[in-house]
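Next come the chains, spelled out residue by residue.
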Amino acid sequence: MEVRNRLMNVLVTGGAGFIGSNFVFYMLNKYPDYRVVCLDLLTYAGNLSTLETVMNNQRFRFVKGDITDKELVANLFKEERFDYVVNFAAESHVDRSIEDPSIFLKTNILGTQVLMDASRAYGVKRFHQVSTDEVYGDLPLDRPDLFFTEKTPIHTSSPYSASKAAADLLVQAYNRTFKLPITISRCSNNYGPYQFPEKLIPLMISRALKDDSLPVYGKGENVRDWLYVEDHCAAIDLIIHRGKDGEVYNIGGHNEKTNLEVVKTILKELDKPESLITYVKDRAGHDMRYAIDPSKARSELGWEPTTSFDEGIKQTIKWYLDNRSWWENIINGDYQKYYTRMYGSREGATA
Ligand code: NAD
Ligand code: TYD
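Residues numbered from 1 in each chain as written. Chains lettered and ligands numbered in written order. Predicted model: local features only at pLDDT ≥ 70, side-chain atom pairs only at ≥ 80, totals over all residues. Heavy atoms only, no water.

(A) Here's a closer look at the overall build of the protein chain. The helix and strand tally for the protein chain stands at 13 helices and 13 strands. Taken against the 2.2 N^0.38 rule, which gives 20 Å for 351 residues, the C-alpha radius of gyration of the protein chain at 20 Å falls within 12% of a compact globule. Residues counted as buried form 56% of the 351 residues belonging to the protein chain. Taking the intrachain contacts of the protein chain between residues at least 6 apart in sequence as the baseline, contacts between residues at least 24 apart amount to 83%. Carbon and sulfur atoms make up 49% of the accessible area of the protein chain, which totals about 15100 Å². Here the protein chain contributes 43 positively and 48 negatively charged side chains, and the mean placements of these two sets differ by 4 Å. (Helix = DSSP H or I, 4+ residues; strand = E, 2+ residues; numbered from the N terminus. Rg over C-alpha atoms; globule rule 2.2 N^0.38 Å. Buried < 20%, exposed > 50% of the residue type's maximum accessible area, 1.4 Å probe, protein only. Contact = heavy atoms within 4.5 Å. Areas by Shrake-Rupley, 256 points an atom, 1.4 Å probe, with all protein chains shown as cover. Lys, Arg positive; Asp, Glu negative; His and termini not counted. Charge placed at Lys NZ, Arg CZ, Asp CG, Glu CD.)

(B) Main features of the site of ligand 1. By nearness alone, 29 residues border ligand 1, and Ile-19, Asp-40, Ser-92, Tyr-160 and Lys-164 come closest of all. Within the backbone of Gly-17, a nitrogen or oxygen atom sits 2.9 Å from an oxygen atom of ligand 1. Interatomic distance of 3.5 Å between a backbone N/O atom of Leu-42 and an oxygen atom of ligand 1. For ligand 1, the protein covers 96% of the area, taking 840 Å² as the surface of the free molecule. A total of three residues in the shell around ligand 1 trace back to one element, the largest contributor, which is strand 5 (residues 126-132). For the shell around ligand 1, the class distribution of residues is 13 nonpolar, twelve polar and four charged. (Near = heavy atom within 4 Å. Polar contact = N/O pair within 3.5 Å; in protein donor to acceptor, adjacent residues only side chain to side chain. Nonpolar A, V, L, I, M, F, W, Y, C, P; charged D, E, K, R; others polar.)

(C) Layout of the pattern of salt bridges. In the structure shown here, the tally under the stated rule is 19 salt bridges. We note a salt bridge from Lys-30 to Asp-237, for which the minimum N-O separation is 2.7 Å. Pair noted here: Lys-30 is in helix 2 (residues 18-30) and Asp-237 is in helix 8 (residues 229-242), with a separation of 207 residues, a long-range link. Its salt-bridge partner being Glu-269, residue Lys-314 comes within 3.9 Å of it at the nearest N-O pair. (Salt bridge = Lys/Arg side-chain N within 4 Å of Asp/Glu carboxyl O.)

(D) The arrangement of the sheet that holds strand 1 (residues 8-13) in detail. Spatially, the seven strands line up as an open sheet ordered 3-2-1-4-5-6-11, and their pairing is parallel. Each of the sheet's edge strands pairs with one partner strand only, and the pair in question is strand 3 (60-64) and strand 11 (247-251). Strand-to-strand twist in this sheet, taken as the mean axis angle between neighbours without regard to direction, amounts to 20°. Pairing of strand 6 (residues 182-187) with strand 11, which is carried by five bridges, proceeds in the parallel orientation. Paired with Arg-186 across the strands is Asn-250, a residue of strand 11. Helix 5 (residues 102-122) rests against strand 1, strand 4 (84-87) and strand 5 of the sheet, and its axis sits at about 165° to strand 5. (Pairing = 2+ DSSP bridges. Axes fitted to C-alpha atoms, helices over the stretch in contact; angles between N-to-C directions.)

(E) Molecular detail of the pairing of strand 2 (residues 34-40). Most of strand 2 sits out of view: seven of its seven residues are buried. Side chains Tyr-34, Val-36, Cys-38 and Asp-40 project from strand 2 onto one buried face, and the interleaved Arg-35, Val-37 and Leu-39 project onto a second face that is buried too. Sheet topology places strand 1 next to strand 2; six bridges connect them, and they run parallel. In the sheet register, Leu-11 faces strand 2, and the bridge partner there is Val-37.

(F) Geometry of the site of ligand 2. In the vicinity of ligand 2 there are 18 residues, among which Glu-134, Pro-215, Arg-224, Arg-283 and His-286 approach most closely. Measuring from an oxygen atom of ligand 2, one finds a side-chain N or O atom of Arg-283 at 2.5 Å. Coverage of ligand 2 by the protein amounts to 96% of the 510 Å² it exposes when considered alone. Broken down by secondary-structure element, the contributors of at least two residues to the shell around ligand 2 are helix 7 (200-209) and strand 8 (214-217). Each residue belonging to the shell around ligand 2 can be placed in one class, and the counts come to eight nonpolar, five polar and five charged.

(G) Here's a closer look at the packing of aromatic side chains. Scanning the entire structure with this criterion turns up 17 aromatic pairs. Both rings, one in Trp-319 and one in Trp-326, keep their centres 5.4 Å apart while their planes meet at 70°; by these two values the pair is edge-to-face. Each member of the pair, Trp-319 together with Trp-326, is buried. Chaining the aromatic ring pairs together yields one cluster made of Phe-25, Tyr-194, Trp-319, Tyr-320 and Trp-326. For Arg-120, the ring lying beneath its charged end belongs to Phe-178, and the centroid distance is 3.6 Å. One Lys or Arg, Lys-296, reaches over the ring of Tyr-249 and ends 4.8 Å from the middle of that ring. (Phe/Tyr/Trp six-rings, centres within 6.5 Å; stacked < 30°, edge-to-face > 60°. Lys NZ or Arg CZ within 6 Å of the ring centre and 35° of its normal.)

Structure follows, in structure tokens:
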């Protein structure tokens with residue numbers, strides 16, 4: 001208790017997932033005077049073994065729980081008196097949202113509301129919503145001059161992006177109506193360590209390593225704007241500390257690639273044949289191109305990405321090669337067993 005009171009206290013929801021875990025590491029490393037509490041439900045996408053290296057850190061606490069659970073969230077806020085809340089927790093996979101939208105609406109919209117109600121009730125310096133460029137819909141392939149700015153109208157395509165957009169609007173409404181101090185970041189596609197192997201880059205790396213076919217949707221010509229995950233973490237750090245109350249910041253590194261380019265780069269790095277590529281039925285409503293104009297974050301916050309795609313993809317492939325057991329356990333479903341073995345009796349306890 002005594003240690004905690006002297007430290008800035010940050011709630012990171014969804015911190016056992018891909019970007020959230022990278023943000024937990026980033027904050028604990030960068031700020032020796034910060035304490036980080038991770039609230040995560042450990043859905044299929046959350047993995048406690050990812051947080052293994054910080055579990056015994058005195059400035060870290062893991063709490064297993066649902067952001068839509070009002071009572072649990074209120075009790076946690078009452079106990080912890082957070083300075084900052086950074087909301088990563090979400091259902092995040094477009095394909096799953098097409099299969100079953102309902103959990104996306106519950107977690108992504110209602111969960112955000114529950115967290116903001118607790119933030120209002122107990123007071124925070126800043127509630128930060130981690131959003132996505134997908135709220136802007138897509139851009140045509142034949143207009144490379146067009147980019148998403150913060151003024152681009154919301155125009156969603158998938159149940160996932162619609163749920164994220166709804167949450168963004170709610171966050172802005174809480175700012176205007178209740179004066180809750182908020183910021184929103186809308187970032188392009190992330191890649192890097194600890195990404196769940198259902199998303200394009202880790203899926204292709206893990207399948208290529210097993211010489212399995214690589215399922216490319218449609219013609220593989222859709223364009224994504226890739227950002228190394230640590231650059232996203234650095235942007236959020238700047239936004240919560242220096243960003244203006246009520247503002248939206250677009251985050252992206254001008255690294256546009258077609259899906260086919262990405263898959264071919266991975267195959268080349270792994271010295272695997274392009275014959276592994278298999279073209280499969282396209283995703284319904286598939287967005288053509290995402291491209292972020294990050295000039296507001298650059299000019300107002302001095303944010304610049306530091307890792308180029310060439311460098312980042314090499315580092316990421318190396319990470320998946322060096323950490324084979326992390327993703328193999330996930331694919332095998334063994335991480336559920338890991339959870340029971342390592343953490344079964346410690347749910348909700350301070351690590
Ligand atoms: P992820 O799917 O890897 O992780 C999500 C985490 O949230 C998991 O640990 C999961 O257990 C947890 N979670 C899910 N439902 C929960 C609930 N009800 N209560 C508590 N925890 C819950 O996702 P990610 O790729 O790390 O994305 C994190 C955030 O960043 C999301 O909000 C996503 O919309 C946003 N985002 C992602 C990208 C990207 O490229 N991955 C890009 C821009 C924005
Ligand atoms: P994904 O990683 O699911 O992110 P998002 O849909 O949020 O951009 O997909 C990135 C791109 O890769 C997208 O255009 C869909 C495509 N894709 C495939 O071609 N094959 C796959 O198996 C997956 C998962 C994605």
